[in-house]
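As a plain string of letters, each chain reads:
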Amino acid sequence: MSELGNYHGLSVQELLLQAFVQSREVAKRIRADLLPALQPSSRIGAERLLRAIASRRIFDGETCVEIEVLANRIELMIADETEEVVCWDNDPHNMSGPACWTELRRSDAGNSLWRLANALNDLHALISSVLDHRAMVAFDFQR
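These lines cover the structure that appears in this document, whether it is placed above or below.

With respect to the pattern of salt bridges
Stage number 1. According to the stated counting rule, one finds five salt bridges in the structure shown.
Stage number 2. Between Glu25 and Lys28 there is a salt bridge; the shortest N-O distance is 3.4 Å. Separated by three residues within a single helix, Glu25 and Lys28 lie in helix α1 (residues 12–34), roughly one turn from each other.
Stage number 3. Using a relative accessible area of 25% as the deciding quantity, one classes Glu25 as partly exposed.
Stage number 4. Note that Asp60 is salt-bridged to Arg57, the shortest N-O span being 3.6 Å.
Stage number 5. Arg57 gets classed as partly exposed once you look at its relative accessible area, which sits at 42%.

This is the structure in structure tokens:
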């Protein structure tokens, strides 16, 4: 399904502008939250994405692949920073809910990575919308 439906009220120029703004947010979060957590030898993909953002080449086909790979890696890092905690209510008069439940709790680093993952997903959607629009225009032109 096309991502263009999520941004159907926006013109191509507005999509482009939002994509560039979102890319700057992603770059800021990568520098602040991701790079310090990675070993220098494992920063290659993140640094490649930062170079694409800095040179304003985010609409290359490789950028979406780079975002997907980085998002998958961040998901694993978030999982490492998340723990499942079993909670229970020790009140014998509790009639309002279950006596036992589980909660997921993330560290501060995990929360920062989670925000970065959301920003990456938003950037991916915006880039996909622009690329979809370009493909639609090319298709309409060929008819």
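On we go.
Some thoughts on the nonpolar core
Stage number 1. By size, the foremost hydrophobic cluster in this structure holds 29 residues, and its most contacted members are Val26, Ile30, Leu34, Leu70, Ile74 and Leu120.
Stage number 2. Considering each element in turn, this core owes the most residues, nine residues, to helix α4 (residues 108–142).
Stage number 3. Val26 has contacts with Ile53, Leu116, Ala119, Leu120 and Leu123, leaving out every residue within four places of it along the chain.

Reading the values: the criteria
- Residues numbered from 1 in each chain as written.
- Predicted model: local features only at pLDDT ≥ 70, side-chain atom pairs only at ≥ 80, totals over all residues.
- Heavy atoms only, no water.
- Salt bridge = Lys/Arg side-chain N within 4 Å of Asp/Glu carboxyl O.
- Helix = DSSP H or I, 4+ residues; strand = E, 2+ residues; numbered from the N terminus.
- Buried < 20%, exposed > 50% of the residue type's maximum accessible area, 1.4 Å probe, protein only.
- Core = buried A, V, L, I, M, F, W, Y, C linked by side-chain atoms within 4.5 Å.
- Contact = heavy atoms within 4.5 Å.

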